[in-house]
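# Inside the fold
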Amino acid sequence: GRRPDSIGVALVGLGYYATNLLAPGLQLTRNCHLAGIVTGSPDKIPEWQRKYGIPDRNVYSYDDFDRIAGNPDIQAVYIVTPNDLHKPLALRAAAAGKHVWCEKPMAMDAAEAQEMIDACRAAGVQLAIGYRLQHQPSTLRLRAMAKEKPYGRILKVRADAGFHAYDDVDPANKPWRLLPQHGGGAMYDMGVYSLQGARYITGQEPVAVSARSGTTRPHLFEGVDETTHFTLEFADGLVAECSTSFGRNMNLLRADCERGWYQLEPFQTYNGLAGRTSDGQLFDDGGVPHQQALQMDNDALAILEGRPPLVPGEEGLRDMRVVDAVYASAREGGRRIV
Ligand code: NDP
């Protein structure tokens, strides 16, 4: 059952992820519940209200969203829009005194991410990034292995995240993921999973990066990357080879060590994460029924208990610094210090 002081959440942007993962997830949570919606599509409203019992007073458009400040039913706003809107909406939510949950990638660049952190701090609200995998038992196991080093020192890391899509897109009517002004491109979308994976499997922060991008479908990918390869260098000399793509299915996170190897394949799906080691051990998610429900329950509990969330804005900012360097290196060549 739901706890009596459960956090009321408003979802902002009722697209694929909000509709199919977050709203259903919010039916399974104990520490938070779906209380409101913010949408630019009036035609979506009746079904959401009916399905989830959302009263008229908790329905907002992007124009009247700032009125949410006076709404006691809603304590947290979850931003699930195209990437260019994350920062402006986060600033408005913070100004309205609401805790901010924001999807990945956190923003368009590190400067925006810093602005979001500053705004939430000034408003005294929490800021959590939607890196659902950081809440997963299999990911926590990789973190533990980075410390315990059961196969000795890590010698090499691979992190590949991508899917093949967009063959049937009309170049005159592209979705936002193919448009630079909305934060389109594979690195922003799936590349952050490779980057996150490389960071948590090593337990280290990259110190330098070099990257190259390319496309086999130039009529679709103009000003955005279809495929990006990036090499992360860590302080102790360890290197992670990372890839991301909208042209190729890949879903592998792997560490080769002195005395063996281990991997998660897939490592970034919504369920079925599958771990294997060189000596035949298997590991999975330990029966977590719904990743997004787990994430939102954890983030709501952090609000209720007045402690920082597991994945705060600073974690999103760390990635945005590397993403900035990846894009700069891919554009201009050369190695970048992060
Ligand atoms: P969709 O395109 O399916 O949905 C985005 C929604 O944002 C739209 O339906 C719309 O909702 C709203 N929106 C507001 N302005 C615009 C605009 N100019 N163009 C298009 N849509 C607009 O995207 P997703 O749901 O797949 O992704 C949304 C965010 O969630 C992204 O940041 C993405 O990276 C992240 N995401 C994270 C995942 C994860 O596993 N953590 C998985 C999938 C996505 P409305 O009509 O209600 O205004």
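Let me sum up the structure you'll find in this document. Being a predicted model, the structure only gives us computed values, none of them experimental.

In spatial order, the strands read 3-2-1-4-5-6; together these 6 strands make up an open sheet with parallel pairing. Whereas interior strands pair on both sides, the edge strands pair on one side only; in this sheet they are strand 3 (59-60) and strand 6 (127-129). Where strand 4 (residues 76-79) meets strand 5 (residues 99-102), 4 bridges bridge the pair, whose relative direction is parallel. Paired with Ala76 across the bridge in strand 5 is His99. Most of the contacts of helix 7 (residues 291-305) go to strand 5, to which it runs at about 160 degrees, and overall it touches strand 1 (7-12), strand 2 (32-38), strand 4, strand 5 and strand 6.

Here we take up empty space enclosed by the protein. If a probe the size of a water molecule is rolled over the atoms, the empty space left behind becomes visible. Taken as a whole, this structure holds 1 cavity of 30 Å³ or more when the rule is applied. If you go around the largest cavity, the residues you meet are Tyr131, Leu133, Gln134, Tyr193, Gln196, Tyr200 and Phe267. Residues that form the lining of the largest cavity fall into these classes: 5 nonpolar, 2 polar and no charged.

Below, the discussion takes up the pairing of strand 9 (residues 227-234). For strand 9, the buried fraction is high: 6 of the 8 residues fall into the buried class. Direction of pairing for strand 8 (residues 206-214) relative to strand 9: antiparallel, over a ladder of 8 bridges. When the sheet's bridge partners are listed, Ser213 is paired in strand 9 with Thr228. Judged from the 7 bridges that link them, strand 9 and strand 10 (residues 239-245) form a sheet pairing that is antiparallel.

About the criteria used
Residues numbered from 1 in each chain as written. Predicted model: local features only at pLDDT ≥ 70, side-chain atom pairs only at ≥ 80, totals over all residues. Heavy atoms only, no water. Pairing = 2+ DSSP bridges. Helix = DSSP H or I, 4+ residues; strand = E, 2+ residues; numbered from the N terminus. Contact = heavy atoms within 4.5 Å. Axes fitted to C-alpha atoms, helices over the stretch in contact; angles between N-to-C directions. 1 Å grid on protein atoms, 1.4 Å probe; cavity = no way out; pocket = protein on both sides within 12 Å on 5 of 7 lines; lining within 4 Å. Points joined across faces, edges and corners; volume = space filled by probe spheres on them. Nonpolar A, V, L, I, M, F, W, Y, C, P; charged D, E, K, R; others polar. Buried < 20%, exposed > 50% of the residue type's maximum accessible area, 1.4 Å probe, protein only.

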